[in-house]
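A look at the structure
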Amino acid sequence: MSIFGEVPLAAPVAVFKLTADFREDQSPNKVNLGVGAYRTDECQPWVLPVVKKVEKIIVEDHSLNHEYLPILGLPEFRSSASKIALGADSPAISENRVGAVQCLGGTGALKIGAEFLRRWYNGIDNTKTPVYVSAPTWENHNAVFSNAGFEDIRPYKYWDGEKRGLDLAGLLDDLESAPEHSIFVLHACAHNPTGTDPTQDQWKQIADIMKRKNLFAFFDSAYQGFASGNLDQDAWAIRYFVSHGFELFCAQSFSKNFGLYNERVGNLTVVAKDQDKLNHVLSQMEKIVRITWSNPPSQGARLVAITLNSPELFAEWKDNVKTMADRVLLMRAQLKEKLKSLGTPGTWEHITEQIGMFSFTGLNPKQVEYMIKEKHIFLMASGRINMCGLTSKNIDYVAESIHETVTRIQ
Amino acid sequence: MALLKTTKFLSSVGSFTPSLGALPIRASSWWSEVQMGPPDPILGVTEAFKRDTNPQKMNLGVGAYRDDNGKPYVLTCVRKAEALIASKMLDKEYLPIGGLGDFTKACAELALGPDSEVLKSKRSITVQTISGTGSLRIGGNYLSRFHLVGKDVYLPKPSWGNHTPIFRDAGMQLKAYRYYDPATCGFDFAGALDDISKIPENGVIMLHACAHNPTGVDPKPEQWKELSAVIKKRKLLVFFDMAYQGFASGDIDRDAWAVRHFIDQGHNILLSQSFAKNMGLYGERVGGFTIVCADADEAKRVESQLKILIRPIYSNPPMNGARIASTILTSPDLHSIWLKEVKDMADRIIKMREMLVANLKKEGTTHNWQHVIDQIGMFCFTGLKPEAGGTSDKGVLCLHD
């Protein structure tokens, strides 16, 4: 008789199961439009040239060792990463009220931020404080906040399925009616999974209401540089909020824009009213880190810090990022053109209006099932595709398959 | 909506009349009520050491190996493994949630022995974790969610300082059993047996597999046998923390003896492993968490739940350290270089223990310092009182109390 006799088999995480199913599929035409990682036109993972260069520097530098990092992480990583998000000339930085915690990927940064907020945000018990996540959102947002102890996680309107764009009126309405002090998880750019971002003007409207209603802005920035190809442009929303006096958190991931997926490189940037508050916040975050992972892994942070702190390497990195963003933009443009020339029913403007790695195609679950089973094209049940899975070799097949699916299955 | 305690709020904002929803905007901060957290007790010693300007200062607090020049030591097998890995031009794709398969397999074999019946029957699951801390945390979370029959975790008195906050935050209650005897600077065997024999059924008992932290006091094999019997009788769930395999005696099998004995005796244990010390991979955060289950089916179900626990914390673990560790463990050449280096590190520590006692005797000590030699591993409970530590004009000797 086992004490674990009652442990039920948990359902696998959908996006990883999709990749597992893709691997097992025997069809020579199979295409994986599932998990969010960049692929080259040969459909291969891409280790950024600048990363290869810096890795070599690290492995050949025998003055480096593997000692523990400080609990909050590598200082030169934390500060340079925050500069990327806020801009090197950010007044908040020169006012010494910006700090950061190196975390395990974007997930880890969300985790530490969530744990802190639950303990300290509005009083010392925020289990009942509402946390709003976009409808839809990255599927792990919910789990991160509920595991941190938040009991009231709610959707805010975001995606308009009918017009295949942002439901601005609904979004603003939800902001207006949110209880004061509610926490809002905002996607800084390249919204996952819809690829639909507010315009600058729309961000201003969002910020106005959030200020007035005392709502907390928790930015999730996993695609900076990857969305438009320009780091500053992709950080516009965060910087706007900061310049309008918000205290906020920004969970940064370097998984995609550095291609460092498996090194778990993330940064939780904290913007506070003043240095004193900041130090208090960081000291409490330190305690949370200590009982979660003690201190973060050094390899990835070292790599990013070396890159960001060297003018030549920084320039090379920006160039690598643009390479990735440009390929995605090309695939978007070509997919739309092919669907239009095939005369595929429906409008497909959203393919090029959306931004970043993902596109919400608008395919419904039945259509998705057809794509997977009959065409061996793997995508999420939500209709989300990873544009990086498209190549010059498979784009015709994918376009034709979408055409066939949409005409056969309603 | 949670309402602020008005008194606390008033003290920080001066004159303000609280009314529902009318909190001051942007003049104050969200974080006015956040208390300054205390410095970490262990790392605080290193902070003090760094600040000290005395040229003769020594840091005996830090929990990391140092060579005979007082410098961090990167193992040769680690450098070789890194060069090998670099030459392979691997990609950086996400690892599975449970980590690098080559690593978790080798990690389990290292602890349980390659011929372990548990491994042959596939009735255990090992996931890659963020070193020992991450492993203990996952374990605590797992217990909190699935070990509903027993919410108490029994730690030896004393135990690693971070055990308590980890398990408490995971939702467990902390209790203790006698372990260290300050009178002998040794193991309080009778006290331990006594306390353990009274632990209610289904309690979770934490055991340090070897090189007990912080005392350096380990049970002898005959004592382990008796502990196993009592623990079995009390129907307790055993959680081993093994952070120093190889580092304690210099022999990896000897250091894992207790773990393997308990498994042989039928305990389906939980096990945390760290490669921070024995491979010097501190900052790469390499560890494993293992649950020994009743059968392969149960192991699969437990694995699926561990993944559900891991995903909302950090999604999947870091590659670099696990790749280094698995390269070392699975390559015969590197594996034997590693065994020798671990033994060298352990031997240097043993030699330092002997030299310290010899020199104390030379200085004319009348005190009995045998415990310094009898204790094992990186740490030594000197028996010095708290007043002896800290800073002084004559030089700093940073110690734990």
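Residues numbered from 1 in each chain as written. Chains lettered and ligands numbered in written order. Predicted model: local features only at pLDDT ≥ 70, side-chain atom pairs only at ≥ 80, totals over all residues. Heavy atoms only, no water.

Under an unreviewed UniProt entry, the name given to chain B is Aspartate aminotransferase, and the source organism is Triplophysa tibetana. Taken directly from UniProt, the Catalytic activity (unreviewed entry) text for chain B runs: "L-aspartate + 2-oxoglutarate = oxaloacetate + L-glutamate". Within the UniProt record for chain B, the comment given under Cofactor (unreviewed entry) is "pyridoxal 5'-phosphate". (UniProt positions renumbered as here; feature names shortened; annotations may be inferred.)

Under an unreviewed UniProt entry, the name given to chain A is Aspartate aminotransferase, and the source organism is Triplophysa tibetana. Taken directly from UniProt, the Sequence similarities (unreviewed entry) text for chain A runs: "Belongs to the class-I pyridoxal-phosphate-dependent aminotransferase family."

Glancing now at the environment of B:Ile138. Residue and element names in this part refer to chain B. Turning to its location among the elements, Ile 138 is positioned in helix 6 (residues 131-146). Separated by 50 residues in sequence, Ile 138 and Asp 188 have C-alpha atoms that sit 30 Å apart. Ignoring any residue separated from it by four or fewer positions in sequence, one finds Ile 138 in contact with Thr 129, Phe 289, Leu 306, Leu 309, Ile 310 and Ile 313. (Helix = DSSP H or I, 4+ residues; strand = E, 2+ residues; numbered from the N terminus. Contact = heavy atoms within 4.5 Å.)

Residue and element names in this part refer to chain A. Counting through the fold element by element, Phe 218 comes out in strand 8 (residues 216-221). Using a relative accessible area of 0% as the deciding quantity, one classes Phe 218 as buried. Here the alpha-carbon distance between Phe 218 and Gln 334, two residues 116 residues apart in the chain, equals 35 Å. (Buried < 20%, exposed > 50% of the residue type's maximum accessible area, 1.4 Å probe, protein only.)

Moving on: the pattern of salt bridges. Across all of its chains, the model carries 44 salt bridges over all chains by this definition. The residue A:Glu404 makes a salt bridge to A:Lys375 at a minimum N-O spacing of 3.1 Å. Within this pair, whereas A:Glu404 is found in helix 16 (residues 395-408), its partner A:Lys375 is found in helix 15 (residues 365-375), the two being separated by 29 residues in sequence. A residue is classified by how much of its surface remains accessible, and A:Glu404, at 21% relative accessible area, is partly exposed. On the accessibility criterion, A:Lys375 (13% relative accessible area) is buried. Across the salt bridge formed by B:Lys175 and B:Asp152, the nearest N and O atoms sit 3.2 Å from each other. (Salt bridge = Lys/Arg side-chain N within 4 Å of Asp/Glu carboxyl O.)

Residue and element names in this part refer to chain A. Strand 2 (residues 98-104) sits mainly inside the fold: seven of its seven residues count as buried. Across seven bridges, strand 2 lies against strand 10 (residues 265-271) in antiparallel orientation. Directly across from Val 101, in strand 10, lies its bridge partner Leu 268. (Pairing = 2+ DSSP bridges.)

Here we come to the side chain of A:Arg97. By the secondary structure assignment, A:Arg97 is in the loop between helix 4 (91-94) and strand 2. When sequence neighbours within four positions are dropped, the list of residues in contact with A:Arg97 reads A:Ala92, A:Val242, A:Val270, A:Val271, A:Ala272, A:Lys273, A:Asp274, A:Gln275 and A:Leu278.

With that settled, consider helix 12 (residues 296-314) of chain B. Residue and element names in this part refer to chain B. The end-to-end C-alpha separation of helix 12 is 27 Å, in line with the 27 Å expected for 19 residues at 1.5 Å each. Counting buried positions along helix 12 yields 14 of 19 residues, so the element is predominantly enclosed. The residue sitting at the N-terminus of helix 12 and contributing the capping side-chain oxygen is Asp 295; that oxygen lies 3.1 Å from the backbone nitrogen of Asp 297. (Expected span 1.5 Å × (residues − 1). Polar contact = N/O pair within 3.5 Å; in protein donor to acceptor, adjacent residues only side chain to side chain.)

Here the focus is the interface of chain A and chain B. In this assembly, 81 residues from chain A lie in contact with 83 residues from chain B. When the two sides are added together, the surface that chain A and chain B hide from each other amounts to roughly 7400 Å², 58% of it contributed by carbon and sulfur. Here chain A is connected to chain B by six salt bridges. The closest approach of N and O atoms between B:Arg66 and A:Glu67, which form a salt bridge, is 3.0 Å. Connecting chain A to chain B are 30 residue pairs in polar contact (both at pLDDT 80 or more). Counting residues per element, the ones that place at least two in the side of chain A that touches chain B are helix 1 (14-24), helix 2 (49-60), helix 5 (105-120), helix 6 (139-147), helix 11 (275-290) and helix 12 (298-308) of chain A. For the side of chain A that touches chain B, the element with the highest residue contribution is helix 11 of chain A, accounting for eight residues. Grouping the constituent residues of the side of chain A that touches chain B by class yields 37 nonpolar, 27 polar and 17 charged. (Buried area = accessible area lost by both parts, 1.4 Å probe. Nonpolar A, V, L, I, M, F, W, Y, C, P; charged D, E, K, R; others polar.)

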